[in-house]
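# Geometric and topological summary
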Amino acid sequence: MRVAIVYYSKTGNTRRVAERLKFDLSKLNVSVDCFEIRGVREYSDRMLHLNLRLIRDVMFGEDVKICGDEEFNPNGYDLILIGSPIWYNRVTPAIRTFMKKYAGKIGVPVACFTTSKLNINYSDEFRRQLESLGYKVMVNKTVVIGSEESAVKEFIEALKTILR
């Protein structure tokens, strides 16, 4: 079984979740590749959520040029996990661009996860967005920063049914 984890992480929270998922899946004898999607023109770290370009890109659904997916081949995997932090109640522009870029090109099951400091189920909306683009989403999970361990365990348990 081969799994790809595709994610965006500006502050490192989503990266930590992706790395934990990779570690836990590897213990189940699953081959895992991680792809950290980035914006070609990244947002400044200073006052991140007050960055006018970030606000415009998020609120108006602007596509951004992305990198990090150069080696990604959707045909090489049995399952693809897609993760994004939540900015202004939305997935990041880089992940939204990735979703559009690969719509219709990913025929395998997908699982999605969101990361946020708020205990709000953002992953349901993420799932709806992916499904509206034709993705076959099997599992979605919201990971609240600060309680990642239990959320990742629950996500792994849900993924086990797909991995069989």
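For clarity, every value in this text was computed on a predicted model and none was experimentally measured.

Reading the values: rules and limits
- Residues numbered from 1 in each chain as written.
- Predicted model: local features only at pLDDT ≥ 70, side-chain atom pairs only at ≥ 80, totals over all residues.
- Heavy atoms only, no water.
- Core = buried A, V, L, I, M, F, W, Y, C linked by side-chain atoms within 4.5 Å.
- Buried < 20%, exposed > 50% of the residue type's maximum accessible area, 1.4 Å probe, protein only.
- Helix = DSSP H or I, 4+ residues; strand = E, 2+ residues; numbered from the N terminus.
- 1 Å grid on protein atoms, 1.4 Å probe; cavity = no way out; pocket = protein on both sides within 12 Å on 5 of 7 lines; lining within 4 Å.
- Points joined across faces, edges and corners; volume = space filled by probe spheres on them.
- Nonpolar A, V, L, I, M, F, W, Y, C, P; charged D, E, K, R; others polar.

### Digging into the nonpolar core
If you look at the biggest cluster of nonpolar residues, it comprises 32 residues, and the most contacted ones within it are F72, I80 and L130. Among the secondary structure elements, those contributing two or more residues to this core are β1 (2–7), α2 (52–59), β5 (79–87), α3 (93–101), β7 (110–116) and α4 (123–132).

### Section: unusual backbone geometry
Positive phi, normally seen in glycine, also occurs at N29, with a value near 65°. Position of N29 relative to the elements: it lies in the loop between α1 (13–26) and β2 (31–36). The phi dihedral of Y88 is positive, around 50°, even though this residue is not glycine. Here Y88 shows up in the loop between β5 and β6 (90–91). A relative accessible area of 32% means that Y88 is categorised as partly exposed.

### Re empty space enclosed by the protein
If you walk through the whole model with that rule in mind, you get 1 cavity of 30 Å³ or more. The calculated volume of the largest cavity comes to roughly 40 Å³. If you trace the largest cavity, you find it lined by I86, N89, R90, V91, Y122, E125, F126 and Q129. Within the residue set of the lining of the largest cavity, elements represented by two or more residues are β6 and α4. Counting residues per element, the lining of the largest cavity draws most heavily on α4, which supplies 3 residues. In the lining of the largest cavity, the residues fall into 4 nonpolar, 2 polar and 2 charged.

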